[in-house]
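Coordinate analysis (summary)
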Amino acid sequence: MRVGVLTGTGTYALPGAGEGRLEQAITVHGDVPVTYLDVGGVEVLHVSRHGAGHSRLSNHVNHRANITALEQCGADAIVAVTVCGAVDPAVPLGSLIVFDDLHFLVNRLADGSLCTLHDEPGHPRRGHWIYEDPFSEGVRQALLAGCRDAGVPARDGGCYGHVDGPRFNTRAEIRSLALAGVTAVSQTAGPETVLAGEAEIPYGLLGYATDYANGVKDEATPVEELLRLIGASTEVFASALAHALPRLAETAPSAPGVIYRFE
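The present account deals with the structure reproduced in this document. What you see is a predicted model; the values in this text were computed from it and never measured.

Across the junction of G165 and P166, the peptide omega takes the value 5°, indicating a cis bond. Along the chain, P166 falls in the loop between strand 10 (159-162) and helix 3 (171-179). With a phi angle near 50°, N107 is a residue other than glycine that sits in the positive phi range. Here N107 shows up in the loop between strand 7 (101-103) and strand 8 (128-130).

And the structure:
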């Protein structure tokens, strides 16, 4: 099994996986650097959303290119990680969440276009993604088991809220997300979830809480603490993935839902 791994803020390489082999994947949406690695005997296709030095902010990430590149490179499943701001005050900082639901009402990419791989009329793969749950249950279970094996247990379930960025959200915006049942927010995984679903690639998302979103607590999380936890997330993610990816390779996870296509 080939597993695509998408990493975000603070994790620009996978510790302990070596340097691997870097190749440029050429897609119709743009070129993507993909690093081929071996993690616990699993062939990994690693894509850093933001690039070395965090050269790309959330509004610069080319999600369509990233998902298309992993599809072209033969990814059988995708595991994504993200640092996030907790909207649920019961989420401890420094803890992990394996999400099972999505809040992404705008369904748009950073340039304002609709979030879809198929924006041309008549495209043979066009269709409606119909699902009950947006994340692959097989990938979720591998992540949960891997986290337990690594000694960093994760919360089973939670609603991921996609926010546009690059700014952080106001108190009023966070209150509205809390009312919608959002557990934690970040600025990149909404489009990934949708595009992986359209590509029919099983996708799972692991979050690490680095701060409380605006207004969740009486006092804001100090920026110094946010930065410290972003730094700490790298090793936590690496450990969880090192245990989860072999588990995932032993299974045959399925993509959630179906694509209803028109003949």
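We now examine the packing of helix 1 (residues 63-72) against helix 4 (residues 189-198). Where helix 1 contacts helix 4, the two axes come as close as 9 Å, and the packing angle between them is 40°. Accordingly, the angle class assigned to the pair helix 1 and helix 4 is oblique. Two packed elements cross with a definite hand, and for helix 1 against helix 4 that hand is right-handed. On the side of helix 1, the interface is formed by H63, R64 and I67, while helix 4 contributes P191, E192, L195 and A196.

Taken as a whole, the largest pocket holds about 660 Å³ of empty space. Of the residues contributing to the lining of the largest pocket, the split by class is 15 nonpolar, 15 polar and 4 charged. Space inside the second largest pocket adds up to approximately 410 Å³. Lining the second largest pocket are 23 residues, and of these Y12, P33, T35, H46 and S48 lie nearest its centre. Elements with a contribution of two residues or more to the lining of the second largest pocket: strand 3 (30-39), strand 4 (42-48) and helix 1. A total of 6 residues in the lining of the second largest pocket trace back to one element, the largest contributor, which is strand 3. When its residues are assigned to classes, the lining of the second largest pocket shows 10 nonpolar, 9 polar and 4 charged.

Taken together, D100, D101, E132 and D133 make up a surface patch of like negative charges. Among the structural elements, D100 can be located in the loop between strand 6 (96-98) and strand 7.

Criteria and thresholds
Residues numbered from 1 in each chain as written. Predicted model: local features only at pLDDT ≥ 70, side-chain atom pairs only at ≥ 80, totals over all residues. Heavy atoms only, no water. Helix = DSSP H or I, 4+ residues; strand = E, 2+ residues; numbered from the N terminus. Axes fitted to C-alpha atoms, helices over the stretch in contact; angles between N-to-C directions. Parallel < 35°, antiparallel > 145°, perpendicular 65-115°, else oblique. Left-handed = near helix turned anticlockwise from the far one by under 90°. Contact = heavy atoms within 4.5 Å. 1 Å grid on protein atoms, 1.4 Å probe; cavity = no way out; pocket = protein on both sides within 12 Å on 5 of 7 lines; lining within 4 Å. Points joined across faces, edges and corners; volume = space filled by probe spheres on them. Nonpolar A, V, L, I, M, F, W, Y, C, P; charged D, E, K, R; others polar. Patch = residues over 30% accessible without salt bridge, like charges linked within 9 Å, V, L, I, M, F, W, Y side chains within 5 Å. Areas by Shrake-Rupley, 256 points an atom, 1.4 Å probe, with all protein chains shown as cover. Salt bridge = Lys/Arg side-chain N within 4 Å of Asp/Glu carboxyl O. Lys, Arg positive; Asp, Glu negative; His and termini not counted. Charge placed at Lys NZ, Arg CZ, Asp CG, Glu CD.

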